[in-house]
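# Analysis of the macromolecular model
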Amino acid sequence: MARISLVIPVLNEQESITLFYETMSEVMAGMRHDVEFVFVDDGSTDATLSILKRLHEKDPRVKAVSLSRNFGKEYALTAGFYHATGDAVIPMDVDMQDPPQLVATFVEHWENGAEMVIGVREDRLRDSRAKRWSSSLFYKVFRFLTKNMIEENAGDFRLMSRRIVQELLRFPESVRFNKGLYGCVGFSRVLVPYARPARQAGHSKWSGWKLWNFALDGITSFSTFPLRIWSYLGGSIALCGFLYALFLVLRTLFCGVDVPGYASIMVVTLTLGGLILLSLGIIGEYLGRIFEEVKRRPLFIVRQTIGFADDGATPAGGRRAPLSPDSDR
Ligand code: UDP
Ligand code: MG
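Read on for a plain summary of the structure. In this text, all values refer to a predicted model and were calculated from it rather than measured experimentally. (Residues numbered from 1 in each chain as written. Chains lettered and ligands numbered in written order. Predicted model: local features only at pLDDT ≥ 70, side-chain atom pairs only at ≥ 80, totals over all residues. Heavy atoms only, no water.)

### Looking at the pattern of salt bridges
Operational definition: Criterion for a salt bridge: a side-chain nitrogen of Lys or Arg within 4 Å of a carboxyl oxygen of Asp or Glu. Helix and strand definitions here come from DSSP, where helices need a minimum of 4 consecutive H or I residues and strands a minimum of 2 consecutive E residues; each element is numbered from the N-terminal end. Each residue is placed in one exposure class: buried if its accessible area under a 1.4 Å probe, protein chains only, is under 20% of its type's maximum, exposed if it is over 50%, and partly exposed if it falls in between.
Within the structure shown, the criterion is met by 21 salt bridges. Note that E36 is salt-bridged to K63, the shortest N-O span being 2.7 Å. Here the residue E36 occupies a position in strand β2 (residues 34-41), and K63 occupies one in strand β3 (residues 62-67), the gap between them amounting to 27 residues. Both residues of the pair, E36 and K63, count as buried. Residues K295 and E292 are paired through a salt bridge, measuring 3.5 Å at the closest nitrogen-oxygen approach. Taken as a pair, K295 and E292 lie in helix α10 (residues 262-295) at a separation of three residues, close to a single helical turn. Residue K295 is classed as partly exposed on the basis of its relative accessible area, which comes to 28%. Given the relative accessible area of 37%, E292 is considered partly exposed. Overlapping salt bridges, with partners in common, bring together K73, D93, D98, D156, K179 and R196 in one network.

In structure tokens, the structure reads:
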């Protein structure tokens, strides 16, 4: 019997876990597949972990990976992919924003041969206007920069075959932007549109500032276009400057010395100064990420696992095989 692993990152979700578990168990009861719930406790400080322990005692299909601190959703997901044992893996949010009923549709497409089945948010009316607008802008920019590598409005909610997860875990980067990495892996894909409901309980863990930094991580991990802009802009400004200098030299030669010019000097100095600082900032963004990459730190640190065959063994830190076969230099 094929096994489906649900990978669910949770950060302080004591209000949502039981409802998610009960709804999802019901959905899975209607299917003829084995299921495994891989909850990843991303450094919760509320009752999340004890609820997970209780659920595991009641139902051994519930497993948990508890991280040593809050690593962020991308890293919690990576830890979940690393520990999941299913033939198909489905990352889900615990707040019911990823409709449980859709899992059956995903699995159907998978059984018909799709290696990746992607949930596409068609209707996001429950999200705030600012969130919809910024996210649509992000998808447009990201797709332009990466030549449509990802699907528009596709989040983490999707089904991936074992093969795809295996390939995903071979990506060695430290700055993880899963939405982009899924696209990098390739293979055949099917899109399933759905309306995204509102969060059931608790509150969103993503502030505007966190989302902005997440978008920067995504763009700088997948495109060097922001670096290249400066070569073109610098080239055009240098050309204009050269032509203007030529004009000034000729004018001085033919019309004599002309002292006034404070305004033009200030405009040129301020504009160029601003552009230089901006370009340095963008180089800094990439430099900082190169720094993150060369350190090769573990992607996540596991405090404890619950319900896995090797509970109590040396916990995986996310850098050993199969995450990256040649990264243990
Ligand atoms: N989450 C996590 N670590 C974090 C932030 C969020 O594991 O640092 C989990 C969270 O518990 C939830 C999922 O990621 O299950 C999605 O988070 P949320 O619903 O807050 O995001 P939104 O839907 O508002 O984008
Ligand atoms: Mg949510």
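### As for the layout of surface pockets
To keep it simple, the criterion reads: The way it works is a 1 Å grid over only the protein atoms, where trapped points that fit a 1.4 Å probe form a cavity and open points with protein on both sides within 12 Å along at least five of seven lines form a pocket, and then any residue with an atom within 4 Å of a point lines it. Grid points are joined across faces, edges and corners, and a volume is the space filled by probe spheres set on the points. When residues are grouped by polarity, Ala, Val, Leu, Ile, Met, Phe, Trp, Tyr, Cys and Pro land in nonpolar, Asp, Glu, Lys and Arg in charged, and all others, Gly among them, in polar.
In this structure, the second largest pocket occupies an estimated 420 Å³ of space. In terms of lining, the second largest pocket is formed by 18 residues, of which the most central are Y244, L248, S264, I265 and V268. The element best represented in the lining of the second largest pocket is helix α9 (residues 225-255), accounting for seven residues. When grouped by side-chain class, the residues that make up the lining of the second largest pocket number 10 nonpolar, six polar and two charged.

### Concerning the coordination of the magnesium ion (ligand 2)
Our working rule: Only N, O and S atoms count as donors, using a 2.8 Å cut-off from the metal and 3.2 Å for Na, K and Ca, and because water is excluded some sites may appear unfinished.
Summarising the metal site, the magnesium ion (ligand 2) is bound by the protein donors D95 (OD) and Q97 (OE1), whose distances to it range over 1.9 to 2.0 Å. For the pair shown, D95 and Q97 are each scored as buried.

### Considerations on a nonpolar patch on the surface
The condition that has to hold: Every patch collects residues that have over 30% relative accessible area and no salt bridge, joining them within 9 Å if they carry like charges and within 5 Å if they are nonpolar side chains (Val, Leu, Ile, Met, Phe, Trp, Tyr). The Shrake-Rupley method, run with a 1.4 Å probe sphere, supplies the accessible areas, and residue values consider only the shown protein chains as cover.
On the surface, F144, F225, L227, I229, L233, I237, V268, L272, I276, L277, L280 and I283 cluster together into a nonpolar patch covering about 1,000 Å² of accessible area. If you list the elements that add at least two residues to the nonpolar patch, you get α9 and α10. The leading source of residues in the nonpolar patch is α10, at six residues. Its location among the elements puts L277 in helix α10. In this structure L277 comes out as exposed when scored by relative accessible area, which is 60%.

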